[in-house]
Amino acid sequence: MKKLIDLITEITEQGFADCGYERNLGKVTLSNRPDLCEYQCNGAMAGAKLYKKAPIMIAGDVVGQISGNEVFEEVTAVNPGFINIKLSGGFVSKYLEQMDNEEKLGICPEEKQETIIIDYGGPNVAKPLHVGHLRSAIIGESMKRLSRFLGHKVIGDVHLGDWGLQMGLIIEELKERQPELPYFKEDYKGEYPAEAPFTIGELEEIYPAASAKSKVDEVFAKKAHDATFKLQNGNRGYLALWNHILNVSVADLKKNYEKLGVTFDIWKKESDAQGYIPDMVEQMKTEGFAHESQGALVVDVAEETDAKEVPPCILLKSDGATLYSTTDLATLVEREKLFAPDRILYVVDKRQSLHFTQVFRCAKKTGIVRPEVKLDFLGFGTMNGRDGKPFKTRDGGIMRLEYLIREISDAVYEKIMENRSMGEDEAKETAKMIGLAALKYGDLSNQAAKDYIFDVDRFISFEGDTGPYILYTIVRIKSIQAKYEELEDKPTGKGRILPALSESEKALQLMVSRVQDALLSAFVEQAPHKICQYIYELSNAFNRFYHETKIMAEEDKERQAAYICLLGLVRRVLETCIGLLGFEAPDRM
Ligand code: ARG
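Note that the structure is predicted; figures quoted are calculated from it, not measured. (Residues numbered from 1 in each chain as written. Predicted model: local features only at pLDDT ≥ 70, side-chain atom pairs only at ≥ 80, totals over all residues. Heavy atoms only, no water.)

Novice: Help me understand empty space enclosed by the protein in this model?
Specialist: In this structure the tally under the stated criterion is 2 cavities of 30 Å³ or more. Of the voids in this model, the largest cavity is the one considered here, and its volume is about 140 Å³. Together, 15 residues line the largest cavity, and Lys127, Pro128, Leu129, Glu204 and Asp252 are the ones closest to its centre. Elements represented by at least two residues in the lining of the largest cavity include exactly helix 7 (200-216), helix 9 (236-260) and helix 14 (401-419). Counting residues per element, the lining of the largest cavity draws most heavily on helix 9, at 4 residues. Among the residues forming the lining of the largest cavity, the class breakdown is 7 nonpolar, 3 polar and 5 charged. (1 Å grid on protein atoms, 1.4 Å probe; cavity = no way out; pocket = protein on both sides within 12 Å on 5 of 7 lines; lining within 4 Å. Points joined across faces, edges and corners; volume = space filled by probe spheres on them. Helix = DSSP H or I, 4+ residues; strand = E, 2+ residues; numbered from the N terminus. Nonpolar A, V, L, I, M, F, W, Y, C, P; charged D, E, K, R; others polar.)

Right under this line is the structure:
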């Protein structure tokens, strides 16, 4: 369906054209004086210069031309030359009626459907997940769902970090603890055990221990380096160990992501890209893009217009080692080959922005991605604790995702048990759902690039701009629907949405009509917070309507059925939106 605002714009544009003015002056916007009108057009102001005529004259001409249109309840020219618009109730209710009959609320798939890879999550194998990974997962998942909803072909890739120094550290630490393992025997020719020599719990203890040791023990650090090098050059035993680390870690990661409602279409990893590196580097050399600088092999990516210096992109260090950038470039080679995407969206901590600037420029300059491929970076800020510093647990450690989720759903559980008579099991399930909504909405409602404060008490509040408030609104609708279902003297068949009777109903209807606008701008601006903003306003509009309207006591049965129909549509819109944000509503709370 066309957006409501575009339908109105078509009429005003025609009005300008019919009066002999430029058609494109007729653009309509949301009113910034909702007390005066619903939409407005400021084209006459811009036309004044063009036609050397007072704007109010132009506005008057246009209003005279279009005011007979049944779409308008009121259209007026006001000083100094605005056109104020109020829509007729019938036009709006018909629009909603049509939305209600469409499968996806009448939201059109985007004209050009793209193949989009979303690179998000980005956990590092064997290292604990931290809150940055949490943000990436939450934001990336919602961009994935939204893009898919709008008709794009989307491939969500977790892009595991599995090829760095952490592997050498773990291997070396294991070697010190269990030197008898066959993985460390140079001349071992047999099969390696199928079982990993550690559990995830042990692995989680091994890495921080090894990492800490490497910072104080130079010999150990060097050994870990060598182990990494050996692994990357195909040492059989180390590869077998790496496989164990990978499998144990991935199983755990999958469990964690499942709890978060985050799913990836592919589980690619840094190591998958390694095979592409030699040819890629060779090509960059022979085509003259790569040159030596202080022993390293680099590609210059600075541009004249750079306000800040952008250093060259390093392909190989002087010892021949590859870097994070080399891997990301090779991953692009692989992605071109496997998926030929139109766009790749990286959802990563904004502190990596320079890295991606270098990688994107290098990829474009050297032609490893086609010129038309869009490489986008959605950089997010830090999640801070109430002290304003990056979030930590109470005992000061990095927060494990599991604890974070538990902390928040425990808090919700207590709250539910305090004031409600719900069975324990239902309360637990409900608390999980609300907790997830609180966590995700708490994150997504901020502009991604901004830092924000993780504040459990605020996130789980049932009032204000929070996930639970949105859920509460949906639950309220569900409960009215259930009560209505039990009525005996209701008309048969589905009711119709009728023209609004009150101002609050009209405001609610207008808000419902704008879901497509909200989703499209969230997609175009890569800004899930726009969806949050929208459902918060929609929930407010609904709750105002609810408090001002007697729904269950309404005596006019046709009117009552119309209210229920409107409620059903509000619920569908809200549920669609929270589905795109990655959470769902319980039946009661
Ligand atoms: N593993 C990286 C980290 O923990 C994030 C990966 C982001 N994606 C990428 N293609 N570099 O910082």
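Moving on from the model shown.
Novice: Explain the sheet that holds strand 7 (residues 290-293) here, please?
Specialist: One open sheet holds the 3 strands; their spatial order is 7-8-9, and the pairing between them is antiparallel. Of all strands in the sheet, those with a lone pairing partner are strand 7 and strand 9 (313-316), marking the two edges. Taking each pair of neighbouring strands and ignoring which way they run, the sheet shows an average axis angle of 45°. Strand direction decides the pairing type here: strand 8 (residues 296-299) and strand 9, joined by 3 bridges, are antiparallel. Within the sheet, the bridge partner assigned to leucine 297 lies in strand 9 and is leucine 316. (Pairing = 2+ DSSP bridges. Axes fitted to C-alpha atoms, helices over the stretch in contact; angles between N-to-C directions.)

Novice: Explanation requested: the sheet that holds strand 3 (residues 72-78) in the structure shown.
Specialist: Strands pair in a sheet through their backbones, by hydrogen bonds, and they do so in one of two ways: parallel or antiparallel. With antiparallel pairing, the 4 strands of this open sheet are ordered in space as 1-2-4-3. Bordering the open sheet on either side are strand 1 (28-30) and strand 3, each of which pairs with just one other strand. Taking the axes of each pair of neighbouring strands and ignoring which way they run, one obtains an average angle of 25° across the sheet. Note that strand 3 and strand 4 (residues 82-87) share 6 bridges and pair antiparallel. Among the inter-strand pairings, valine 75 is bridged to a residue of strand 4, identified as isoleucine 85.

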